[in-house]
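Okay, here's what each chain looks like letter by letter:
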Amino acid sequence: GRLQTSLQAYPTALESGELWTLLTQIAVAAQQRGWHLYVVGGAVRDLLLAPDGTAISLKDIDLVVDSFRSPVVEGAGVVLAQQLQKQYPNAQIQVHGEFQTAALIWRTRAGHAPLMIDIATARTEFYPYPAANPEVEPSSIRQDLYRRDFTINAMAIRLTSPQPGLLLDFFGGYLDIQQRQVRVLHANSFIEDPTRIFRAVRFAVRLGFVIAPQTETFIRYAVDSGIYADLQTQQTQRRLPALQTRLKTELSYIFQTDSWAQSLGLLDKLGALSCLHPSLSIDADLWRQLHRVGRWQQRFMEEVGEDIGVAPWLLRLEVLLARVEVRSQIATNLQLPLGSIQRLQQLAPIEAHLSDTLQQTAQPRPSFIYQTLILYDLPLLLLISVRHPQTIGTYIWQYITQLIHVHLPIDGHHLKRLGYEPGPLYRQILTALTHAILDGDITTAAASAEAYLNRHYPLAQGGS
Ligand code: ATP
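Before going into details, it helps to say that this report is about the structure given with it. (Residues numbered from 1 in each chain as written. Predicted model: local features only at pLDDT ≥ 70, side-chain atom pairs only at ≥ 80, totals over all residues. Heavy atoms only, no water.)

Quick look at the packing of aromatic side chains now. Using the criterion set out here, one finds 6 aromatic pairs in the structure. Relative to Phe171, the ring of Tyr146 has its centre 5.7 Å away and its plane inclined at 40°; by these criteria the two rings are tilted. Of the two residues, Tyr146 is situated in helix 5 (residues 139-146) and Phe171 in the loop between strand 7 (167-168) and helix 6 (173-178); the sequence distance between them amounts to 25 residues. The class for Phe171 is buried, based on a relative accessible area of 13%. Cluster of aromatic residues (ring-pair linked, three or more members): Tyr146, Phe170 and Phe171. For Arg292, the ring lying beneath its charged end belongs to Trp296, and the centroid distance is 5.8 Å. (Phe/Tyr/Trp six-rings, centres within 6.5 Å; stacked < 30°, edge-to-face > 60°. Helix = DSSP H or I, 4+ residues; strand = E, 2+ residues; numbered from the N terminus. Buried < 20%, exposed > 50% of the residue type's maximum accessible area, 1.4 Å probe, protein only. Lys NZ or Arg CZ within 6 Å of the ring centre and 35° of its normal.)

A few words on the sheet that holds strand 2 (residues 60-66). One open sheet holds the 7 strands; their spatial order is 3-4-5-2-1-6-7, and the pairing between them is mixed. The open sheet has two edge strands, strand 3 (92-96) and strand 7, and neither has a second partner. Note that strand 1 (residues 36-40) and strand 2 share 5 bridges and pair antiparallel. Residue pairing across strands places Val40 opposite Asp62, the latter belonging to strand 2. Contacts from helix 2 (residues 18-32) reach strand 1, strand 2, strand 4 (101-106) and strand 5 (115-121) within the one sheet, and its direction differs from that of strand 5 by about 15°. The strands touched by helix 4 (residues 76-87) within the sheet are strand 1, strand 2, strand 3, strand 4 and strand 5, with strand 4 carrying the most contacts at an inclination of about 30°. (Pairing = 2+ DSSP bridges. Contact = heavy atoms within 4.5 Å. Axes fitted to C-alpha atoms, helices over the stretch in contact; angles between N-to-C directions.)

Glycine aside, the phi torsion of most residues is negative, and most peptide linkages are trans. In the segment running from Ser161 into Pro162, the intervening peptide bond is cis, with an omega of -5°. Position of Pro162 relative to the elements: it lies in the loop between strand 6 (156-158) and strand 7. For Gln163, which is not glycine, the phi torsion reads 55° and is therefore positive. With respect to the helices, strands and loops of the structure, Gln163 is situated in the loop between strand 6 and strand 7. One non-glycine residue, Gln335, lies in the positive phi region at around 55°.

This brings us to the side chain of Thr121. For Thr121, the position within the fold is in strand 5. Of note is the side chain of Thr121, whose polar atom sits 3.0 Å from the backbone nitrogen of Gly77. (Polar contact = N/O pair within 3.5 Å; in protein donor to acceptor, adjacent residues only side chain to side chain.)

Pasting the structure below:
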């Protein structure tokens, strides 16, 4: 009943109430085949967390179909999804993972988040014999839940008879919700999958939970046992790309939230940043950089009126990775966008070059700053400025907020009218004018620019 109320109120790509109808239909279809259907994972957690009768907001709904008691069908989830799609032709179907799971996706209603219903098949291969005792839940759903990360994510609600609405809670998830703690199911959980450390922190911070003391011990144990080395040496193994992809996903979730600093602080405290690099930890200076980068990106937007073109969370992650020397290698492993990898690759040589060049004299001329920095992309410059705010950062800031926006009173057409022969000279003249304006040698009035041209680029005698 409570599930129904909560889902009914939930605004999705479906009409209100339609979601519940839909789940009921999938359940009936499962029941007719002698299968069980469960809602699992985040939806159950969020439902138990929400006060009675309130709507819960879900990105997606995870269902598990258990065909354990009847003829075992490998792709039971897919079978159900296909059957449902016949009734809902406007849903898209996606089949993945060796035909074990399927997703139905509705993107139809404008202005509403798309809805994804994932139908997975409970794994049965672990079980040598059928569960005979009707008092005992078929162990395949239990096993399915046991493979999950935390007790609060490892509960299921049955949608099929008998007892539809029954909460399956084998590992004490409900108690943990009441005690507001994130707890793993077994001691090896983090060794098995280090990205769970990041998930633990993400859920703890998001839900306002603590990480259970013993779970914290397991995290520290996993960290001490050399997760970084593991992650690197598995490079040739098949597991690694998937692991790195998940790590990147978790990092992006953490960096995208407003509470990124709290999560990052907790990760640092747990030593978990060593998943990225053994020497990575956050000192006071790095904290300042991490806070600064978002503020400055915002300020850039306000002063210049345009976006710098890189998502703030990504730039913040780059600031973190920039702290270690093998930064671009880590970015490559994490499969960050090419732009990020290149920025991190270029960072050290360009920082060194800019320090040398711009700090040769006490007061470089604006035209010199302009000429030096025009070679580089804005996001790279912002990254460098955040790392060197007192030194080259001040020149960079001057460049990106003022110098780059200089307005020339004269353009190519104008030069042509004045009688200059079109060609490479135009570029040279316009650059010279830009420099002259930046240095205050001339003003932005056309007359001033023309006088400058007469002085420095006199038209040839008898020329056009
Ligand atoms: P959110 O509200 O952030 O989407 P969620 O619980 O739905 O939370 P997902 O990342 O979508 O989180 O994962 C769905 C479910 O899959 C989880 O509830 C959990 O049971 C399981 N799961 C996800 N990642 C892992 C993992 N690394 N190890 C074990 N189980 C996992």
